[in-house]
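Structure assessment
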Amino acid sequence: TFYQKETNKLPAGWEMKKLGDVCEISTGKSNTVDAKEKGAFAFFDRSKTIKRSDKFLFDCDAIIIAGEGQKFLPRFYSGKFNLHQRAYAIYNFQKSNNIKYVFNYLMYFHKYFEQVAVGATAKSLRLRHFQELPIPLPPLAEQKRIVAVLDKTFTVIDKIKNNTEKNLANTKELWQSYLQQSFNNPKKNWQQKKLGDVCDFQNGFGFKNKTFKNEGIPLIRITNIQDNCINLSNTIFIDPKDYKKDLSKYEIRKGDLLIAMSGATTGKIGIHQSNEVLLLNQRVGKFKPKNKLFKNYLFYYLSTRIKENLSISVGSAIPNLSTKQINNFKIPIPPLAEQKQITERLDYLSQKTTALQETYCKKIQNLIELKNSLLQNAFSGEL
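We now turn to the structure provided with this report. Bear in mind that the values here come from a model prediction, so they are computed numbers and not experimental data. (Residues numbered from 1 in each chain as written. Predicted model: local features only at pLDDT ≥ 70, side-chain atom pairs only at ≥ 80, totals over all residues. Heavy atoms only, no water.)

What about the packing of aromatic side chains?
Across all of its chains, the model carries 26 aromatic pairs by this definition. A centroid spacing of 5.8 Å and a plane angle of 80° characterise the contact between Phe-44 and Phe-81, whose relative ring orientation is edge-to-face. With Phe-44 in strand β3 (residues 41–44) and Phe-81 in strand β6 (residues 75–83), this pair connects stretches of sequence that are 37 residues apart. Residue Phe-44 shares its accessibility class with Phe-81, and that shared class is buried. Between Phe-109 and Tyr-112 the ring centres are 5.5 Å apart and the planes differ by 20°, which places this aromatic pair in the stacked class. For Phe-109, a relative accessible area of 15% gives the class buried. Look at Tyr-112 and you get buried, because its relative accessible area is 11%. One aromatic cluster is present, built from ring pairs that chain together Tyr-88, Tyr-101, Tyr-105, Tyr-108, Phe-109, Tyr-112, Phe-113, Phe-130 and Phe-379. Positioned above the aromatic ring of Phe-76 is the side chain of Lys-100, whose terminal nitrogen or guanidinium carbon lies 4.9 Å from the ring centre. Here Lys-371 stacks its cationic end above the ring of Phe-154, 4.9 Å away from the centre of that ring. (Phe/Tyr/Trp six-rings, centres within 6.5 Å; stacked < 30°, edge-to-face > 60°. Helix = DSSP H or I, 4+ residues; strand = E, 2+ residues; numbered from the N terminus. Buried < 20%, exposed > 50% of the residue type's maximum accessible area, 1.4 Å probe, protein only. Lys NZ or Arg CZ within 6 Å of the ring centre and 35° of its normal.)

Structural data, given as structure tokens:
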């Protein structure tokens, strides 16, 4: 369908061909176990990491794509390299075709591989998927012009993007530094308390999988607790009528502070920000600070201290927190007035650093979109 559709839209002088008609395509012969840490040659397998090998199979310019995975992003390499038997090298192009032009096109059109890959769980590509891939080809001079424009422009875009990503990382580090400094030197009038003495803690209820529904009251599970937030994008629901039990103590209301108690998100915390009433699933805990503890003070303290103060690997295979561990967690308690000052200062700094992070993230997204727009223009004859 793509082949027929795009052929009708090609600029004058361009032609649509299949990739297998303009180059050679082949897999390697090695396995991952053949990698050598100090090998002299690059070794490409199915992973993102470029390994090393003590032998080479190719000595040329090539486009390399893993034959198994999720994204199937192409790489360009020039020189001697070894190749895994489930990775593909695209090389030895006809003289009328520029390999860098094809590489840029495959970067632009990489979702093709995701769409044609076969397999229910582990997606994989076959040789025919490469051979049959349609590619619009202008005359060689135009291919070279497109490559020159894209190389020059992408160099600038990548430099700006790298600097922006550094600024984003620096902003995150700066925020963490603010947090650390706020609690590094507790004053003499700060009391050291167990969390269970100054805060009630409620573990979630074991809702049964067979009662999960597509609508009803949202249920918060450990996967919904992300970095300092509650992510509601992948929520399941229950109907309270399915349970002959008062579920009110498991309700989550706006402002409640939650923690994931097992799994990959163990130790992560978040505050529920909306007015929607949620329910607390097992292995998710809810804090209810008592009179001498501000909730936001607790939130900030846990944000910077929980991983270094709690042993969150009770089981070696699955990280886990117990209610006992949480209740025994030590926390410095300043007077309420000082807690308020610390919280207000961190609220202000959080707003400023969050705004900066959002600005940098937006800029990075704009650069990605600009790059995609240039690629689209390049392969429709409008660059």
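A short note on unusual backbone geometry
One non-glycine residue, Asn-92, adopts positive backbone phi at about 50°. With respect to the helices and strands, the residue Asn-92 is situated in the loop between β7 (87–91) and α2 (99–108). A positive phi angle, near 70°, is found at Arg-283, a position not held by glycine. Note that Arg-283 resides in the loop between β18 (278–280) and β19 (284–289). Taking the relative accessible area as the measure of exposure, Arg-283 reaches 24% and is therefore partly exposed.

Here we look at the environment of Ala-117
Looking at the secondary structure, you find Ala-117 in the loop between α3 (111–116) and α4 (127–131). Of the residues examined, Ala-117 reaches a relative accessible area of 9% and is grouped as buried. Each C-alpha atom, one on Ala-117 and one on Ile-269, is 38 Å from the other, the two residues being 152 residues apart in sequence. Not counting residues within four places of it along the chain, the set of residues in contact with Ala-117 comprises Phe-72, Lys-123, Ser-124 and Leu-125. (Contact = heavy atoms within 4.5 Å.)

What about the sheet that holds strand β15 (residues 251–252)?
Sheet strands pair by backbone hydrogen bonding; their relative direction is either parallel or antiparallel. Taken in spatial order, the four strands make up an open sheet running β14-β11-β18-β15, and their pairing is mixed. Each of the sheet's edge strands pairs with one partner strand only, and the pair in question is β14 (236–238) and β15. Relative to β14, strand β11 (residues 217–220) is paired through three bridges, and the arrangement is antiparallel. Each residue of the ladder has a partner; that of Ile-217, found in β14, is Ile-238. (Pairing = 2+ DSSP bridges.)

Brief notes about the side chain of His-110
Tracing the backbone through its elements, the reader meets His-110 in the loop between α2 and α3. By relative accessible area, His-110 is classed as buried at 17%. Once residues lying within four places of it in the same chain are set aside, the contact partners of His-110 are Lys-71, Phe-72, Leu-73 and Pro-74.

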